[in-house]
Structure formats: structure tokens, C-alpha cells
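Residues per chain, in single letters:
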Amino acid sequence: MRLILDEVFGPSNVINEIIWSFNSRTMASEWFARKHNNIFFARKSSEHFFNGDAVRVPHTPDSEAQYNRVDEEGRRYKAQSGGGRTYLNPLGQPCGSVWDIQLLGSRDPERLGYPTQKPEKLIERMILASSKQDSIVADFFCGSGTTQAAAQKLGRRFIGADINLGAINLTSKRLSNLPEVREGDEDFRGAGFELYSVNNYDLFRNPVEARSLLIEALEVQPISNALYDGEKDGRMVKIMPVNRIATKADLGDLISGFDQRVFQRRQDERPNQPVEKILLVCMGHEPDLKAELELQAKPFRIDVEVVDILRDRSQLEFKRDSEAKLAIVNGELIVEQFYPMNLLQKLSIQQEQVGEWRELVDSIMVDWNYDGAVLQPAVVDVPDENDLVLGRYQVPADAGTIRVKITDLLSESWEGEIDG
């Protein structure tokens, strides 16, 4: 990690290696017990923001005792050689590069059950030292949402991302439970948050089923061929890796599978026509993918077209099999039924019985005033391990268009609306 930071920012811009020191019950008989983590503090330029006063730590009794004199204004100081004075800073002493902050215990009130969860005190120190009010704090592996929770409490804007749907649900629930008013500051109001699903997340998250979803959405005709995934408009379709961008290295299997004898026969019969027309379907790709495939096919000429779902077909609609029924009764939003078809099919195959639909649900999110674009959940119902979602929620008086997102145990989601 240090080498990467040196390469990206330059060695002179990696300005601290912080030791996060803590007590732990780790027992080791063949090495030293591991009781610290390393934190690198890097900057983009020499004009970075740093507020050391915001993270001063309390004076120790020994250090405070050294300030044993008082001036005419009542300020404590210690005398320096040559007649100078060093005054006691009431905010505390400067924070060094060794941070003694205890790990979260199994019964800590902050503990949410996420394996890599960090204490808020640790993240708060980073945010206070490195950002101003209304700065943007970003964490792209947000996990249990500690960074986002700390940022919101400190009046910062934030961006969080995670490829784990469970992490997103846990973070959403955590942020929804934060108080709107910060303790001791009646002028502060939590800004809330918006939830986005980007880059056809369903496909990235579920690559096993992504191929069949793409074939259906693109209306590709399946064929019995080990090399290709189907045929569309006279082109042989090859679906590239769906959980990352396609690279030139991914063309290897396709190139090695070309039937040279068939290509030669086609070239002999129609020398002015390409021997094959190919459609590559990608979820992001290197810019020279088409040229590389055409080059590797020589001496034969092939006609390659690339479809990038993230760019060319960003609005591609994928079929949603789940169904749900919503109702408002006596001021309550009620999820009357939920049918996650893929999950029900798998349970049927496994001959497992389900008592009610709530047993199939991982989470429910509700936006009481949906703007037609972004789900802003005011309700995040993520039950504990042995509990079920409620399935009924009090509708606020100012509710408008209500948007509901239900996620099943396969992490597949249904979304629908009802007027408040």
C-alpha cells in the first residue's frame, strides 16, 4: 500500500504513518502479539487542509504539572531557558502519530455485527483533522457505515459505496437511526442521505445469472455452440466477463476457439466478405478490444462490433420476476404479499417450506416522498438475525408518492409505488 501511495501521490506527499494502538486478547506463542494497525496519511498537494487543534488530546498529569507558573492574566505557563515562556494550551497537547483508541468489544453499544467495523472515535479523528464543515468525506468500502455516520454527526457531506448489499442495507439502517439534531446543537440538522444503485449493480453482484439476464434483455437467440453464447442479427454473440471490464487477455479463449478450416473455406468462397461477424457484449472494456480481436484473427478478416452495457445500453431494462402487493389501511402502509419468483423456484426445487413471505425478505426500504428518480429511504427495515421485517409502517401526514424497495434473501430486489 505504501508503494502504491508513493506512486500515486509522490513519496513526499505521504506525510504520516500513524500507528493505531489497542489492547487485544490475541495470544501468540510463535510471534509477537499483534496490537496495532497502520494508517497512512497522504495528501494530493502541499496545499492540503489540516486542523491539528481539532484533534488535540488531553494533557497527561505529568505534562500539565510542568506548567507551574501563572502570569498576570491567570494563564499557566512554564519558563524556558533565556526567559521565554510556553503557555498551556487549554485544548490539550498536539496529537502524535500513535493513537491509543480501543477496538470495539463484542458488547460495545456501537457494535453492529460487521466483522471489520471500526470505532467511530477513530474515524472522527481523521475527519476532524482533514476536513472542514460541509467538506465531502468519501469511503468506497463503507462496510457498516462508520465513516458515513461520523461524517453526518460532524456536519460533513459524504459518499459511501460498497459492492456488498448487506453492507449497504446495514449502513442505510444505521444512518436512518441517527438523531436529526446533534446533541447540544439545536441549529444542526442531519442532512439525510440518498441511495443509488449504479452500473447495473444486479449484474455485477450476481454474475452467475447475469449471462442469462443479458441474453434475455438483448433478445439474443441461444445456440448450441461452445464458443458463442448466441446469435443476434446475423452476428455471433460472445458475452465477456460481467463483473469487471473486459480486457485483451479475455479474448484468448475466443481466439483459440476459432475454426481455422471453416474460416479458410468461407474466405475461399467469398474472398470479399468477412469470415465471421461477432458481437462482443461487455460491462466496460478496454478501448482497443475490437482492434485487438481483428488483429489476432489475421490472416482472416472478421467484423467485430462491441456493445458496452455501461455506455451504449446504460438504460437497458432487465426483467424483474418478483411481484408484490401494497396497500394503505388505517394510515399504515402494508406489504400484503411478496412473491420473489427466483427464490421461490429454488426453494421449491429444494423442497423447503415457507410459512409466510416475511421469511423470504432481507430488507424493506420506504421513501415517503419519492421524487421519481432517487430512492431516499426514511424507513430502513433490516431485521436482526432471528427476526423478520415488520411489513407494516405508519404513513406520515405529509406523504406523497411512496416508493417501496423489497430485497429478498437472494439479494434480488422489487420496487414499486403507491400514493400516500
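It should be noted that the structure appears before, not after, this text.
The residue numbers shown here count from 1 along each chain, following its written sequence. Note on the predicted model: pLDDT of at least 70 is required for a residue's local features to be given, and 80 or more for side-chain atom pairs to be given and counted; whole-chain, interface and lining totals, by contrast, use all residues. To get the side-chain values, all heavy atoms of the structure are used, and hydrogens and water are removed first.

## Details of the overall build of the protein chain
Applied cut-off: Numbering goes from the N terminus for both helices and strands, where a helix is a DSSP run of H or I of at least four residues and a strand is a run of E of at least two. Values of the radius of gyration come from C-alpha atoms, whereas the globule rule sets the reference at 2.2 Å times the count of residues to the power 0.38. Type-normalised accessible area, obtained with a 1.4 Å probe on protein chains alone, sets the label of each residue: buried when under 20%, exposed when over 50%, and partly exposed for intermediate values. For this analysis, residues touch if any pair of their heavy atoms sits within 4.5 Å. Using a 1.4 Å probe, the Shrake-Rupley method yields the accessible areas, and only the shown protein chains count as cover for residues. The charge count includes Lys and Arg as positive and Asp and Glu as negative, but it does not include His or the ends of the chains. Here the site of a charge means atom NZ of a Lys, CZ of an Arg, CG of an Asp or CD of a Glu.
Looking only at helices and strands, the protein chain has 11 helices and 19 strands in total. Relative to a compact globule of 420 residues, whose C-alpha radius of gyration would be 22 Å, the protein chain shows 29 Å and is clearly more extended. In terms of its C-alpha atoms, the protein chain occupies a principal-axis envelope of roughly 105 × 65 × 50 Å. Burial statistics for the protein chain: of 420 residues in total, 39% are counted as buried. Long-range contacts, defined here as pairs at least 24 residues apart, represent 59% of the contacts in the protein chain between residues at least 6 apart. With an accessible surface of roughly 25,600 Å², the protein chain has 48% of that area assigned to carbon and sulfur atoms. For the protein chain, the separation between the mean place of its 50 positive charges and that of its 67 negative charges on side chains is 5 Å.

## A word on the environment of I255
For I255, the position within the fold is in helix α8 (residues 252-256). Through-space distance from the C-alpha of I255 to that of L293 is 7.6 Å; in sequence the pair is 38 residues apart. Beyond its immediate chain neighbours, meaning those up to four positions away, I255 contacts L293 and Q296.

## Regarding the sheet that holds strand β6 (residues 98-100)
Selection criterion: Paired strands are those between which DSSP finds at least two bridges. For helices, the fitted axis covers only the stretch in contact; all axes are lines through C-alpha atoms, and the angles between them, taken along N-to-C directions, range from 0 to 180 degrees.
Pairing is mixed across the open sheet formed by three strands, whose spatial order is β2-β1-β6. Two strands bound the open sheet, and with one partner strand each, they are β2 (36-42) and β6. Neighbour to neighbour, the strand axes of the sheet diverge by 25° on average, direction disregarded. Examined bridge by bridge, strand β1 (residues 14-21) and β6 share three bridges and lie parallel to one another. Residue pairing across strands places S21 opposite D100, the latter belonging to β6.

## With respect to the packing of aromatic side chains
Let me state the cut-off plainly: Paired rings are identified among Phe, Tyr and Trp, the last through its six-membered ring, by centres lying within 6.5 Å, and are further divided according to the angle between planes into stacked (under 30 degrees), edge-to-face (over 60) and tilted (the rest).
By the definition in use, this model includes five aromatic pairs. Ring geometry for W20 against F22: centres 5.1 Å apart, planes inclined by 70°, an arrangement best described as edge-to-face. Accessibility classification places W20 together with F22 in one group, the buried group. Ring centres of F258 and F263 lie 5.2 Å apart, and the angle between their planes is 45°; on these two criteria the pair is classed as tilted. Taken as a pair, F258 and F263 share a single burial class, namely buried. Through pairs of rings, three or more aromatic residues link up here, namely F258, F263 and F300.

## Quick word on unusual backbone geometry
Cis geometry marks the peptide bond from K298 to P299, where omega comes out at 15°. Considering the arrangement of structural elements, one finds P299 in the loop between α10 (289-296) and β12 (302-308). You will see that D134, though not glycine, has its phi angle at about 75°, which is positive. Look at D134 and you get partly exposed, because its relative accessible area is 46%.

## Section: the pattern of salt bridges
Rule in force here: For salt bridges, the criterion is a side-chain nitrogen of Lys or Arg within 4 Å of an Asp or Glu carboxyl oxygen.
Overall, the coordinates contain 21 salt bridges when judged by the stated rule. Beyond isolated ion pairs, a larger network of salt bridges with shared partners links D71, E73 and R75.

## Focus: the pairing of β12
Put simply, the rule is: With the strands aimed away from the viewer, a crossover counts as right-handed if its path from the first strand over the helix to the second runs clockwise.
Counting buried positions along β12 yields five of seven residues, so the element is predominantly enclosed. Relative to β12, strand β11 (residues 276-282) is paired through seven bridges, and the arrangement is parallel. Within β12, the residue paired with V281 across the bridge is V307. As a crossover connection, the stretch from β11 through α10 into β12 is right-handed.

## Things to note about the pairing of strand β7 (residues 136-139)
Residues V137 and D139 of β7 are buried on one face, while the alternating residues I136 and A138, pointing to the opposite face, are not. Where β7 meets strand β8 (residues 157-160), four bridges bridge the pair, whose relative direction is parallel. Note that in β8 the partner of I136 across the bridge is R157.

## A word on the packing of helix α4 (residues 146-153) against helix α5 (residues 165-176)
Applicable threshold: For classification purposes, angles smaller than 35 degrees are called roughly parallel, those larger than 145 roughly antiparallel, those between 65 and 115 roughly perpendicular, and all remaining angles oblique. In this scheme the handedness of a crossing depends on how the near helix is turned from the far one: anticlockwise by less than a right angle means left-handed, clockwise means right-handed. Any residue outside Ala, Val, Leu, Ile, Met, Phe, Trp, Tyr, Cys, Pro, Asp, Glu, Lys and Arg is labelled polar, Gly included; the first ten of those are nonpolar and the last four are charged.
Between α4 and α5, the least distance of the axes is 9 Å, while the angle of their chain directions is 20°. For the element pair α4 / α5, the angle class is roughly parallel. Seen from above, α4 lies across α5 with right-handed handedness. Between α4 and α5, the residues in contact are T146, Q148, A149 and Q152 and T171, R174 and L175, respectively. Looking at the contact of α4 with α5 residue by residue, the class counts come to two nonpolar, four polar and one charged.

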